[in-house]
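Survey of secondary and tertiary structure
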Amino acid sequence: LEQRGFYGMYQMTVDMEDDDSPAHPDPICTAESIVAAWDGKVSADQARWLFDHAVHWLEQSREEEELNNADILRYMGRIRKDVSTTTAVVEELLYTLEKQIQ
């Protein structure tokens, strides 16, 4: 009932994981940036609720979680994907800048 009237969490996840056009491409989030990224579909109340629950989850997971080999491999895969994506963006920017200089 806490989430009644909120934009769907599943749809938010799908929106954020869209490789071509992620809803919130900036890695740093604020309640305001979340509301702006979803063009008002996410209310300020929902954004605050998300942050409160994320903080609670992080606090609990720090207390409970130990990484195993599968976790480490999963994190390494995410890091590799992020590095690959960042490298592609930087290469594209360099190419664009070189074209502008010519």
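Note: the structure precedes this text.
The notes below deal with the structure included here. Since we're looking at a predicted model, the values are computed, not measured.

**A closer look at the environment of Pro27**
With respect to the element layout, Pro27 can be found in the loop between helix 1 (9-16) and helix 2 (31-37). Spatially, the C-alpha atom of Pro27 lies 21 Å from that of Leu73, the residues being 46 residues apart in sequence.

**Considerations on the nonpolar core**
In this structure, Tyr7, Met12, Ala23, Ala31, Ile34, Trp38, Val42, Ala47, Trp49 and Leu50 together form the largest nonpolar core, which totals 10 residues. Those elements that place two or more of their residues in this core are helix 2 and helix 3 (44-64). Among residues more than four places away in sequence, those in contact with Ala47 are Ala31, Ile34, Val35 and Val42.

**As for the packing of aromatic side chains**
Within this structure, the stated rule accounts for one aromatic pair. Between the aromatic rings of Phe6 and Trp49, the centroid separation amounts to 5.7 Å while the plane-to-plane angle is 70 degrees, which identifies the pairing as edge-to-face. On the criterion of sequence distance, the pair formed by Phe6 in the segment before helix 1 and Trp49 in helix 3 is long-range, its members being 43 residues apart. A residue is classified by how much of its surface remains accessible, and Trp49, at 14% relative accessible area, is buried.

**Some thoughts on the side chain of Gln46**
Note on placement: Gln46 falls in helix 3. With relative accessibility at 1%, the residue Gln46 sits in the buried group. A distance of 2.9 Å separates a polar side-chain atom of Gln46 from the backbone nitrogen of Tyr7. Beyond its immediate chain neighbours, meaning those up to four positions away, Gln46 contacts Phe6, Tyr7, Met9, Met12 and Lys41.

Definitions and limits used
- Residues numbered from 1 in each chain as written.
- Predicted model: local features only at pLDDT ≥ 70, side-chain atom pairs only at ≥ 80, totals over all residues.
- Heavy atoms only, no water.
- Helix = DSSP H or I, 4+ residues; strand = E, 2+ residues; numbered from the N terminus.
- Core = buried A, V, L, I, M, F, W, Y, C linked by side-chain atoms within 4.5 Å.
- Buried < 20%, exposed > 50% of the residue type's maximum accessible area, 1.4 Å probe, protein only.
- Contact = heavy atoms within 4.5 Å.
- Phe/Tyr/Trp six-rings, centres within 6.5 Å; stacked < 30°, edge-to-face > 60°.
- Polar contact = N/O pair within 3.5 Å; in protein donor to acceptor, adjacent residues only side chain to side chain.

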